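Close look at the chain arrangement
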Amino acid sequence: MAIESMTGFARVAGVAGIHAWAWEIKSVNARGLDVRVRVPPGFELLAEAARKRLSGAFSRGTLHVNLSITSDAGPPRPRINEQALSALIEAVGRLPVSDTIRPPSFDGLLGIRGVVELAEESEDALTVLEAPILAGLEAVALGLTEARAAEGRALEAVVTGHLATIARLTEEAELHPARGVEAIRERLAIQVQALLDASQALDPQRLHQEAALLAVKADIREEIDRLHAHVAALRTLLAQGGPIGRKLDFLAQEFGREASTLCAKAGDAGLSRIGLELRTVVDQLREQVQNVE
């Protein structure tokens, strides 16, 4: 199973009768899954369907989902509520006639609220559009899956490259001449002699004991072993694939800790250079794995 990115975009559009519709989804990084759906008024049922479908398809990322609907029904046409108009005329006819009251006219009656209605001659939009829009939802979900998978393949190539560099630098640190017994002995002997030359009051035997303790503390064997183990673990995760982003991020943090400790213990310019390169590559690795689902 390949890894997938949390970033991607998909769009699916269609037409049903006088209505045109379009789904658009944009996915970005997030710690968990957050599905945000916007639909036109009256289509809330489709919003719930979108949340359910996308929540079942993805495990991480913020998904911005938008459904747009347009119609070519034309301008609304007036419709006279004849029942209301007849009731008004009948009611007016029962009023007493007076010289001070003018009889009602049609234009006055038609101006009364509810007598004239503006109605669009169109079908129930939700009934007409529900089936094609739900089919479009399925298509746009698959489109987003494919987009995130393509981005995931590109990410995997970058992560694999960073991992190869980390493995190489770890080997270089392990085989570096500064880790040899003679090199360590020579560095410590120089440091001890410098201290003795600076002050004759120092105990040579005590200094040599302290130097031996420092040599043990400065050994980077454990850091190198853990780096090898982390490299193997990350390769295993990449081979498994799936939603492994959190595990990759954890391993990237562990790589960073070991690289920092190696720098602190180095005691040699060459080892320090390797440690700094490791930290740089690890930072690049962590930046990339934060995009993985």
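Since we're looking at a predicted model, the values are computed, not measured.

Quick word on the packing of helix α4 (residues 125-175) against helix α9 (residues 269-289)
The contact between α4 and α9 brings their axes to 10 Å, and the two run at 160 degrees. By the angle between their axes, α4 is roughly antiparallel relative to α9. Relative to α9, the crossing made by α4 is left-handed. Here L155, V158, V159, H162, T165, I166, L169, T170, E172 and A173 of α4 come into contact with α9, specifically with L271, R273, I274, E277, L278, V281, V282, Q284, L285, Q288 and V289. Looking at the contact of α4 with α9 residue by residue, the classes come out as 13 nonpolar, five polar and three charged.

A word on the pairing of strand β2 (residues 19-28)
Relative to β2, strand β1 (residues 8-16) runs antiparallel, the two sharing nine bridges. For R11, the partnering residue across the bridge sits in β2 and is E24. In this structure, the hairpin formed by β1 and β2 is closed by a connection of two residues, where G17 is found at a positive phi of approximately 65 degrees. Relative to strand β4 (residues 61-71), β2 is paired through ten bridges, and the arrangement is antiparallel. Counterpart to S27 in the pairing with β4 is L63.

Reading the values: rules and limits
Residues numbered from 1 in each chain as written. Predicted model: local features only at pLDDT ≥ 70, side-chain atom pairs only at ≥ 80, totals over all residues. Heavy atoms only, no water. Axes fitted to C-alpha atoms, helices over the stretch in contact; angles between N-to-C directions. Helix = DSSP H or I, 4+ residues; strand = E, 2+ residues; numbered from the N terminus. Parallel < 35°, antiparallel > 145°, perpendicular 65-115°, else oblique. Left-handed = near helix turned anticlockwise from the far one by under 90°. Contact = heavy atoms within 4.5 Å. Nonpolar A, V, L, I, M, F, W, Y, C, P; charged D, E, K, R; others polar. Pairing = 2+ DSSP bridges.

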